[in-house]
Amino acid sequence: MLIRMDETSSTNSELKQLQQKKRLPEGSIVVADYQTQGRGQAGNTWFSDKGCNLLFSFLAYPKFIAANRQFILSRIVSLAIKKVLDRYFDDITIKWPNDIYWKNKKIAGMLIENTLMGQKINSSIIGIGLNVNQDGFPNELPNPVSMKMVTGNEYNRDDLLSFFLSEFNLLYQSLQNGDDEKVIESEYMRNLYRRDDYHWYEDKEGRYKGKIIDVLPSGHLIVETLKAKEERIYAFKEVTFVL
Ligand code: BTN
């Protein structure tokens, strides 16, 4: 089921409301040209001009994924977006935990909202915002970029959506088949933003230079400090990448 909307508050919220009315099949999608209350991570707003970008949410029932390993979903969504963008230009990386970067700029983000049943995921609404044909963004946003700003070309959003869904389905099926998650975890690590070398980070103790060591199955990030060579472990929002 694919629902196209000219305008909605948020495709994640729309899909959630539809799901509350009746059980929807796995893979149901809501795509919108414009969101009046597009939602980002941690209560942020997701800005996108009308008709420019790809804004969609789809439904999965990954009941085979344990609640304490739900970060694997973020890994496969990130890898699928990266695989789509790799068709068009280089320098796409995955910024932990949920962003896709072109060089030092954010080109896509995701908002994954899971419901749990016992120790397993019951349903998952996976919302993605990919900046496609927008020419510029409000100054108050930290570092956004679109595909058009990278290459000067315009892109067909339906093509991008169908490329994404086929990449995602391949990865999702491999998870469903019980293939070794380590393959996905290491592919994620290889494509991580700031994978190598020391960079500036900031946590509650202040700024420091450190190097990413690993991302755990739980989704925690491990950074080693340059000075003390101590490993610090972070949940979402506990560390900032100083740009
Ligand atoms: C982030 O990087 O903060 C996450 C951004 C997620 C934005 C997408 S746009 C489609 C879907 N609907 C929403 O309200 N949010 C997600």
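These remarks concern the structure in this document. (Residues numbered from 1 in each chain as written. Predicted model: local features only at pLDDT ≥ 70, side-chain atom pairs only at ≥ 80, totals over all residues. Heavy atoms only, no water.)

**A word on the packing of aromatic side chains**
Overall, the coordinates contain 15 aromatic pairs when judged by the stated rule. Consider the rings of Tyr101 and Tyr193, whose centres lie 4.7 Å apart with planes at 50 degrees: the pair is tilted. Taken as a pair, Tyr101 in strand β5 (residues 99-102) and Tyr193 in the loop between α5 (181-190) and β8 (199-203) lie far apart in primary sequence, 92 residues in all. For the residue pair Tyr101 and Tyr193, the accessibility class agrees, reading buried in each case. Both rings, one in Tyr201 and one in Phe241, keep their centres 5.1 Å apart while their planes meet at 70 degrees; by these two values the pair is edge-to-face. (Phe/Tyr/Trp six-rings, centres within 6.5 Å; stacked < 30°, edge-to-face > 60°. Helix = DSSP H or I, 4+ residues; strand = E, 2+ residues; numbered from the N terminus. Buried < 20%, exposed > 50% of the residue type's maximum accessible area, 1.4 Å probe, protein only.)

**Side note on the side chain of Thr8**
Structurally, Thr8 is set in strand β1 (residues 2-8). A relative accessible area of 5% means that Thr8 is categorised as buried. Within the structure, Thr8 has its side chain in polar contact with the side chain of Glu14 (distance 2.6 Å). (Polar contact = N/O pair within 3.5 Å; in protein donor to acceptor, adjacent residues only side chain to side chain.)

**Things to note about the sheet that holds strand β2 (residues 29-35)**
Within a beta sheet, neighbouring strands are joined by backbone hydrogen bonds and run either parallel or antiparallel to one another. Here 7 strands make up an open sheet; going across it, the order is β1-β2-β3-β7-β6-β5-β4 and the pairing mixed. Looking at strand neighbours, the two that pair on one side only are β1 and β4 (92-95), the edges of this open sheet. If you compare each strand with its neighbour and ignore which way they point, the axes differ by 20 degrees on average. Of the pairings in the sheet, the one linking β2 to strand β3 (residues 54-60) comprises 4 bridges and is antiparallel in character. Considered in β3, the bridge of Ala32 is made with Leu55. Strands in contact with helix α1 (residues 11-21) are β1, β2, β3, β6 (105-117) and β7 (120-130); relative to β3, the strand with the most contacts, it is inclined by about 30 degrees. Of the strands in this sheet, β1, β2, β3 and β7 touch helix α4 (residues 157-176), which is tilted by about 30 degrees from β3. (Pairing = 2+ DSSP bridges. Axes fitted to C-alpha atoms, helices over the stretch in contact; angles between N-to-C directions. Contact = heavy atoms within 4.5 Å.)

**Remarks on the layout of surface pockets**
Empty space within the largest pocket amounts to approximately 960 Å³. Considering each element in turn, the lining of the largest pocket owes the most residues, 4 residues, to β6. Partitioning the lining of the largest pocket into residue classes produces 20 nonpolar, 16 polar and 7 charged. Of the pockets and cavities examined, the second largest pocket occupies roughly 250 Å³. What lines the second largest pocket is a set of 13 residues, and nearest its centre among them are Gln70, Phe71, Ile112, Asn114 and Phe236. Put simply, the parts of the chain that give the lining of the second largest pocket at least two residues each are α2 (71-86) and β6. A per-class count over the lining of the second largest pocket returns 6 nonpolar, 7 polar and no charged. (1 Å grid on protein atoms, 1.4 Å probe; cavity = no way out; pocket = protein on both sides within 12 Å on 5 of 7 lines; lining within 4 Å. Points joined across faces, edges and corners; volume = space filled by probe spheres on them. Nonpolar A, V, L, I, M, F, W, Y, C, P; charged D, E, K, R; others polar.)

These figures come from the coordinates and say nothing about function on their own.
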